[in-house]
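# Fold and contact review
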Amino acid sequence: MNSHKSDAPLTGVTVIEHGQGVSASYAGRLLALMGATVIKIEAIGGDSLRRNAPKLQEEFDGDALFAYLNVNKSGVTLNLSSSLGHALLYELLGRADVFLDDTHPAGRRALGIAPDEVCRAHPKLIYASVLPFGALGPHSEYKGYELNVFHSG
């Protein structure tokens, strides 16, 4: 549930966040804190950050980092490998202003969420790619995690 003021700079902006890593989740957190309505898409089984230590109280399904990164967000669980999950995502994107995604480029094509496909279906949508080595270029197929990228600098 969003608890921001109606005069926040991003009030009225809707963001669909499809992120498994800290970077995309943190970007979504910042947008939510600036007033955007952020809807986090989680895979069946939930975000992997839910299973990290330190754990919070038993009634909260997640860890401290997950709780911190998902302040003021709504969430929905979708199986993007299914036609129904894909259709529901595209329905959400039809009402959104921004799609925030950190899926590896090869995985994007497999899920039907590659930038060219999404932007063709939703030409007014901003597709924000959050990848450690970029979506294009000589290193775009490299896989990286926050810890690796931090130490490569």
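Residues numbered from 1 in each chain as written. Predicted model: local features only at pLDDT ≥ 70, side-chain atom pairs only at ≥ 80, totals over all residues. Heavy atoms only, no water.

## Thoughts on the pattern of salt bridges
Applying the stated rule across the entire model yields 7 salt bridges. Measuring nitrogen to oxygen at the nearest pair gives 2.9 Å for the salt bridge that ties aspartate 47 to lysine 40. Here the two residues aspartate 47 and lysine 40 agree in accessibility, since each one is buried. Here glutamate 91 and arginine 95 are joined by a salt bridge, their closest N and O atoms 3.1 Å apart. Judged by relative accessible area, arginine 95 falls into the exposed class, the value being 54%. Taken together, the shared-partner salt bridges connect Glu17, Lys40, Asp47 and Lys73 into one network. (Salt bridge = Lys/Arg side-chain N within 4 Å of Asp/Glu carboxyl O. Buried < 20%, exposed > 50% of the residue type's maximum accessible area, 1.4 Å probe, protein only.)

## Things to note about helix α1 (residues 22–33)
Spanning 12 residues, α1 covers 16 Å between terminal C-alpha atoms, matching the ideal 16 Å at 1.5 Å per step. Buried within α1 we find Ala24, Ser25, Gly28, Arg29 and Ala32. Relative to the axis of α1, the buried residues are bounded by an arc of 145° and lie together on one face. Where the residues of α1 are buried, they touch β1 (14–18), β2 (37–42), α2 (64–69), β3 (73–77) and β4 (98–101). Just past α1, the residue glycine 35 takes up positive phi, approximately 110°. (Helix = DSSP H or I, 4+ residues; strand = E, 2+ residues; numbered from the N terminus. Expected span 1.5 Å × (residues − 1). Arc of directions from axis to C-beta. Contact = heavy atoms within 4.5 Å.)

## Brief notes about the side chain of serine 25
Summarising the element assignment, serine 25 is placed in helix α1. For serine 25, a relative accessible area of 0% translates into the label buried. Engagement of the side chain of serine 25 in a polar contact is seen with the side chain of glutamate 17, the distance being 3.4 Å. (Polar contact = N/O pair within 3.5 Å; in protein donor to acceptor, adjacent residues only side chain to side chain.)

## A few points about the sheet that holds strand β5 (residues 126–129)
The strand order β3-β2-β1-β4-β5 describes an open sheet built from 5 strands, whose pairing is parallel. In this open sheet, the two strands that pair with only one neighbour each are β3 and β5. Averaged over neighbouring strand pairs, the angle between their axes works out to 20° when direction is ignored. Where β1 meets β4, 4 bridges bridge the pair, whose relative direction is parallel. Each bridged residue has a counterpart across the sheet, and for valine 15 the counterpart in β4 is valine 98. (Pairing = 2+ DSSP bridges. Axes fitted to C-alpha atoms, helices over the stretch in contact; angles between N-to-C directions.)

Spatial relationships are all this shows, so hold off on functional conclusions.
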